Amino acid sequence: MPVIVRFAPSPTGFLHIGGARTALFNWLFAQHHKGKFLLRIEDTDRERSTPQSVATILEGLKWLELDWDGDAVSQFERFGRHAEVAKHMVANGTAYYCYASPQELEAMRAEQKAKGLAQRYDGRWRDKSPSDAPSGVKPVIRLKAPQSGETVVHDKVMGTITVQNTQLDDMILLRADGTPTYMHAVVVDDHDMGITHVIRGDDHMTNTFRQVQIYKAMGWNIPEFAHLPMILGPDGAKLSKRHGAPAVSDYRERGYLPEAIRNYLLRLCWSHGDDEIISTPQAIDWFDLGGIGKSPARFDFTKLDSVNAHYIKQSDDRRLAQLSEPIIARTLGRALSLHEIDLLTRAMADLKPRASTIVEIANQAVFYFHTGPLPIDDKAKKLLTDEAKQHLRELATRMEKLAPDSFTSEAVESLFRTYAEEKGLKLGAVAQPFRAALTGSTVSPPIFGVAGLLGKIETLKRAAAA
RNA sequence: GUCCCCUUCGUCUAGAGGCCUAGGACAUUACCCUUUCACGGUAGUAACACGGGUUCGAAUCCCGUAGGGGACGCCA
């Protein structure tokens, strides 16, 4: 039987990084088994669902390159089918109408809480006959859940878990307005979509018992379940806005590469021996439910940085230039010319080993593109002593003699080395002021490479301005 | 409160009763490389939550305790 999985976000906000992990695992599982990865938007909550959220979520998935099969299914649009199934359950005796008002139920729960009891629906309409129905009240449909025995779930991650049926109440399947509850809609949709494996966050773990009861009431096949442990913030609390970057789009803005996010997320709660850097094709080949751990993982931004740094080093220079250009443009207040983008691309070999995000690359690259006076930071200014400037002037005279065509990093370097040797100086004594003059900073890519890239005219201009 | 789940270095994890003197990665410390910062290389610090069992032998199996997370909506 072919594998069919789904990712089922509710469109009430952005794509959460935890949701991205769930999507990734589903996608990987489908790829591994050459099955299908479907997308279903759980938008039955009309109050909170928005089209913008749907768009944001789809955009996030696309950015992560987690392509789904077919069109995204809107759960809300299937409400007729949900009602049909609920009514069928009433007809076959596994569900019933309940006329209790929300206020009445709230009072019931308050009383249970006051008595220190578990808060559960007490089944007050379970055995009443339809003739007892008050007129003018729209009923909800509730599941007639088994009141004895136990419900067992064989989870692919958590193992076999059991709950006593006395712990579960008669949940609502269909609201008074005829729309389905989440619990009901998930089961009907998963069944109709032919979902074979339900892979989701373990906040749904205890819901699974109730969902299994619906499958059983309808006599449907129960899919396999795999519940993924939560992703926690660095402090061990549930990952949220407070931790800085809950949304997938945050990572994009901060200069992370999608393949790095995928690799990092994969390694949270899943492992393949000691392997850390795992390419996507390799991940597809290796991914299995058995490799998923049971305990929740904390999100570690530092480790993400190092994974990202790895993928940046591997990345194509042209792509990196394209990705960093908009950030440089924002700093400069103008777009880069094609010629400048070409320069940026050629600088990338020196830029990328010293950056862990695209944003860092961009920040380190800005100095190449200053056309006006170069801003020089305080540390760099201290390097430009009178003595250093004197050396720079002499060196400039020597550099003047190089033809523009032979103004290469090698040529400039050997010129500097010769000069330092003649004067009995350490290379750093002339290279550092040179760096300050060309980049305005004490930290930069190798300075002779910078000079070569900048070219004779710009290099001498900056040296003279210092 | 009731129920369900989880617990190995600071963090992510390897580990399926003897291969464990508990391995790897990130972080961290020292050194090497070096024109700066990085990259890279070498070495080091650092963990089986606690208490009982079972067993010749337990990080691994069982039972408690503690801590953490989740669920208990006409939200998803």
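Going by the structure above, here's the rest.
So, how was this worked out
- Residue positions within a chain follow its written sequence, with the count starting from 1.
- To read the labels, note that chains go from A and ligands from 1, taken in the order they are written.
- In keeping with the model being predicted, local features are shown solely for residues with a pLDDT of at least 70 and side-chain atom pairs are shown and tallied solely at 80 or more, while totals for entire chains, interfaces and linings include all residues.
- Side-chain numbers come from the whole structure's heavy atoms, not from hydrogens or water.
- For helices the rule is a DSSP run of H or I covering at least 4 residues; for strands it is a run of E covering at least 2, with both sets numbered from the N terminus onward.
- We compute the radius of gyration over the C-alpha atoms and compare it with the globule rule, which gives 2.2 Å times the number of residues raised to the power 0.38.
- Categorising residues by exposure relies on relative accessible area from a 1.4 Å probe, with only protein chains included: less than 20% of the type maximum marks a residue as buried, more than 50% marks it as exposed, and the intermediate range marks it as partly exposed.
- The contact rule is simple, with two residues in contact once any of their heavy atoms fall within 4.5 Å.
- Here, Shrake-Rupley sampling with a 1.4 Å probe gives the accessible areas, and only protein chains in the shown set may cover a residue.
- Charge assignment: positive for Lys and Arg, negative for Asp and Glu; neither His nor the chain ends contribute.
- In plain terms, the charge of a residue is placed at NZ if it is Lys, CZ if Arg, CG if Asp and CD if Glu.
- To get an axis, fit a line to the C-alpha atoms, keeping to the stretch in contact for a helix; angles then go from 0 to 180 degrees between the N-to-C directions.
- Every angle not falling under 35 degrees, over 145, or within 65 to 115 is termed oblique; those three ranges are roughly parallel, roughly antiparallel and roughly perpendicular.
- Residues were grouped as follows: Ala, Val, Leu, Ile, Met, Phe, Trp, Tyr, Cys and Pro as nonpolar; Asp, Glu, Lys and Arg as charged; and all remaining residues, including Gly, as polar.
- For this analysis, a salt bridge means a side-chain nitrogen from Lys or Arg found within 4 Å of a carboxyl oxygen belonging to Asp or Glu.
- Residues are classed as near a molecule or strand on a simple rule: at least one heavy atom within 4 Å of it.
- Pairing of N or O atoms within 3.5 Å defines a polar contact, subject to two protein rules: one partner must be a possible hydrogen donor and the other a possible acceptor, and residues neighboring in sequence count only if both atoms are side-chain atoms.
- Among buried residues, the Ala, Val, Leu, Ile, Met, Phe, Trp, Tyr and Cys ones that are joined through side-chain atoms within 4.5 Å form a nonpolar core.
- Here, a strand pair is defined by DSSP locating no fewer than two bridges between the strands.

> Can you walk me through the overall build of chain A in this structure?
Within chain A, the secondary structure is distributed over 18 helices and 12 strands. Its C-alpha atoms give chain A a radius of gyration of 31 Å, more than 25% over the compact-globule value 23 Å for 466 residues. Principal axes of the C-alpha set define a box for chain A whose edges measure 105 × 45 × 40 Å. Within chain A, the proportion of its 466 residues that are buried is 50%. The contacts of chain A with a sequence gap of at least 6 include a subset with a gap of at least 24, amounting to 74%. On chain A, roughly 22300 Å² of surface is accessible, and the fraction owed to carbon and sulfur atoms is 52%. Each charge class in chain A can be summarised by its mean position, and for the 58 positive and 58 negative side chains these summaries are 3 Å apart.

> Would you take a moment to explain the packing of helix H3 (residues 79-91) against helix H5 (residues 182-192) for this structure?
Packed helices, taken two at a time, are described by their axes: the angle between them and the distance between them. Direction vectors running N to C along H3 and H5 enclose 100°, while the axes themselves pass 10 Å from each other. Classified by the interaxial angle, the pair formed by H3 and H5 is roughly perpendicular. Residues Arg81, His82, Val85, Ala86 and Met89 of H3 touch H5, and the partners they reach there are His184, Ala185, Val188, Asp189 and Asp192. For the contact of H3 with H5, a count of residues per class yields five nonpolar, two polar and three charged.

> Mind showing me how you'd approach the pattern of salt bridges here?
A side chain with one charge may pair with a side chain of the opposite charge, provided their charged atoms come close. All chains considered together, the criterion is met by 29 salt bridges. Taking the shortest distance from any N to any O, the salt bridge between Arg48 and Asp45 comes out at 3.1 Å. On the basis of relative accessibility, which here comes to 54%, the residue Arg48 falls in the exposed class. With a closest N to O distance of 3.0 Å, Arg126 and Asp170 form a salt bridge.

> Please explain the protein's contact with RNA strand B as it appears in this structure.
Not every one of the 61 residues close to RNA strand B is listed here, only the nearest: Arg175, Cys269, Glu276, Arg354 and Arg435. In the interface set of RNA strand B, defined as its atoms within 4 Å of the protein, sugar plus phosphate atoms amount to 70%. Between RNA strand B and Thr44, the relevant distance is 2.6 Å, taken from a phosphate oxygen to a side-chain nitrogen or oxygen of the residue. At the level of secondary structure, the elements contributing two or more residues to the surface near RNA strand B comprise helix H4 (102-114), strand S7 (159-164), helix H6 (205-218), strand S12 (297-298), helix H10 (301-314), helix H17 (427-439) and helix H18 (447-465). Per-element tally for the surface near RNA strand B: the top contributor is H17, with five residues.

> Whenever I open this one, the nonpolar core confuses me. Can you help?
For soluble globular proteins, nonpolar side chains are generally found buried alongside one another. Ranked by internal contacts, the top residues of the largest apolar core, which has 82 residues, are Leu265 and Phe299. If you tally residues by element for this core, the top one is helix H1 (residues 17-32), at nine residues. Not counting chain neighbours up to four residues away, the residues in contact with Leu265 comprise Ile17, Ala20, Arg21, Leu24, Phe25, Ile231 and Phe299. Ile327, Ile341, Leu374 and Ala431 belong to the second largest nonpolar core, which has 52 residues in total.

> Looking at this structure, I do not really get the environment of Asn308. What am I missing?
Counting through the fold element by element, Asn308 comes out in helix H10. If near-sequence neighbours (up to four positions away) are discounted, Asn308 is found in contact with Gly255, Tyr256, Leu257, Ala260, Ser356 and Thr357. At 3.1 Å, the side chain of Asn308 and the backbone oxygen of Gly255 are in polar contact.

> Before we go on, may I ask you to explain the sheet that holds strand S2 (residues 36-41) in this structure?
Sheet strands line up and pair through hydrogen bonds in the backbone, either parallel or antiparallel. Taken in spatial order, the three strands make up an open sheet running S1-S2-S3, and their pairing is parallel. Each having just a single partner strand, strand S1 (4-7) and strand S3 (73-74) make up the two edges of the open sheet. Judged from the four bridges that link them, S1 and S2 form a sheet pairing that is parallel. Looking at S2, one finds that Phe7 is bridged to Leu39.

Read these as layout, nothing more, since geometry by itself doesn't imply function.
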